[in-house]
Amino acid sequence: MLKVKFFIWCMLHGKVQTRDKLIQKGILITSICPMCNQVNETMLHLFFHCVWAQELWGDVLYTLGREAPNPTRCVSVEKWLLEWPQLHFSDFGKAVWKVVPYAVIWSIWRARNDKLFRNIDKGSERVRMTILGFI
Ligand SMILES: [Zn+2]
């Protein structure tokens, strides 16, 4: 969990090395998102606006039987985490629910890196199962 917390801290401080940032540094030639191959990869695109990410958020929340804010409306990671809905569960249920956005974000990052650097395309269904095992 420490690794995930550090990653979220990096997101909140704009330090995640998405392709748009690597282009700015002259490291990459293309900034196209590896998950959808349609749009430039920015932090908001990769984790919230990408059709692949939207499908994942939708699948995970559907599986958990809950609704959450629409990821296409996310304007900042901080706002997304702060506005994550509070639910009236048991203490254990609340603890699990609070982990969901962190698990989804971390899993998106891992799936993206697997696809980009290891040529492994897990597909959203397999990533969803990984997330449910994580939480
Ligand atoms: Zn995309």
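Residues numbered from 1 in each chain as written. Predicted model: local features only at pLDDT ≥ 70, side-chain atom pairs only at ≥ 80, totals over all residues.

Moving on to the overall build of the chain. A tally of helices and strands in the chain yields seven helices and zero strands. N-terminal to C-terminal, the α/β element order of the chain is α-α-α-α-α-α-α. Its C-alpha atoms give the chain a radius of gyration of 15 Å, near enough to 14 Å, the size a compact globule of 135 residues would have. Principal-axis analysis of the C-alpha atoms places the extent of the chain at approximately 50 × 30 × 30 Å. The buried share among the 135 residues of the chain stands at 24%. (Helix = DSSP H or I, 4+ residues; strand = E, 2+ residues; numbered from the N terminus. Rg over C-alpha atoms; globule rule 2.2 N^0.38 Å. Buried ≥ 20, exposed ≤ 12 C-beta atoms within 10 Å, placed from the backbone.)

Look at helix 1 (residues 2–12) against helix 6 (residues 91–118): their axes get within 10 Å of each other, and the N-to-C directions meet at 85°. Classified by the angle their axes make, helix 1 and helix 6 are roughly perpendicular. Residues Val-4, Phe-7 and Ile-8 of helix 1 pack against Tyr-102, Ile-105, Trp-106 and Trp-109 of helix 6. (Axes fitted to C-alpha atoms, helices over the stretch in contact; angles between N-to-C directions. Parallel < 35°, antiparallel > 145°, perpendicular 65-115°, else oblique. Contact = placed C-beta atoms within 7 Å.)

Bringing the environment of Ser-107 into the picture now. Its place among the elements puts Ser-107 in helix 6. Along the backbone, Ser-107 and Ala-68 are 39 residues apart, and their C-alpha atoms lie at a distance of 18 Å. Discounting residues that sit within four places of it in the chain, Ser-107 has contacts with Val-127, Thr-130, Ile-131 and Phe-134.

Attention now goes to helix 7 (residues 123–134). Taking 1.5 Å as the rise per residue, helix 7 with twelve residues should run 16 Å; its terminal C-alpha atoms sit 17 Å apart, in good agreement. Residues of helix 7 that are buried sit in contact with helix 4 (51–64) and helix 6. (Expected span 1.5 Å × (residues − 1).)

Next up on the list: the nonpolar core. Judged by nonpolar contacts, the single largest core of 19 residues is most densely connected at Leu-46, Ala-53, Leu-56, Val-104 and Ile-108. Sorting elements by how many residues they give to this core places helix 6 first, with six residues. Ignoring any residue separated from it by four or fewer positions in sequence, one finds Leu-46 in contact with Thr-18, Cys-33, Met-35, Glu-41, Ala-53, Ile-108 and Arg-112. (Core = buried A, V, L, I, M, F, W, Y, C linked by C-beta atoms within 7 Å.)

With that settled, consider the packing of helix 4 against helix 7. Packed helices, taken two at a time, are described by their axes: the angle between them and the distance between them. Here helix 4 crosses helix 7 at 45°, and the two axes come no closer than 10 Å. Here helix 4 lies oblique to helix 7, going by the angle between them. Helix 7 is crossed by helix 4, and the crossing has right-handed handedness. For the pair formed by helix 4 and helix 7, the contact residues are Trp-52, Glu-55, Leu-56, Asp-59, Val-60 and Thr-63 on the first element and Ser-124, Val-127, Arg-128, Ile-131 and Leu-132 on the second. Residue composition of the contact of helix 4 with helix 7, by class: six nonpolar, two polar and three charged. (Left-handed = near helix turned anticlockwise from the far one by under 90°. Nonpolar A, V, L, I, M, F, W, Y, C, P; charged D, E, K, R; others polar.)

With that out of the way, let us pick up the confidence of the model for the chain. Across the chain, pLDDT averages 88, with 100% of residues at or above 70. By mean pLDDT, helix 7 is the weakest element of the chain at 80, and helix 3 (residues 43–49) is the strongest at 96. (pLDDT = per-residue confidence, 0-100.)

Next up on the list: unusual backbone geometry. One non-glycine residue with positive phi stands out, namely Asn-37, at about 55°. Note that Asn-37 resides in the loop between helix 2 (19–24) and helix 3. By the C-beta count within 10 Å, which is 9 here, Asn-37 ends up exposed. Phi at Asn-119 is positive, roughly 55°, even though this residue is not glycine. Turning to its location among the elements, Asn-119 is positioned in the loop between helix 6 and helix 7. Taking the C-beta count within 10 Å as the criterion, Asn-119 has 7 such neighbours and is therefore assigned exposed.

Quick look at the environment of Thr-42 now. Relative to the elements of secondary structure, Thr-42 occurs in the loop between helix 2 and helix 3. Thr-42 sits 18 residues away from Val-60 along the chain, and the two C-alpha atoms are 22 Å apart.

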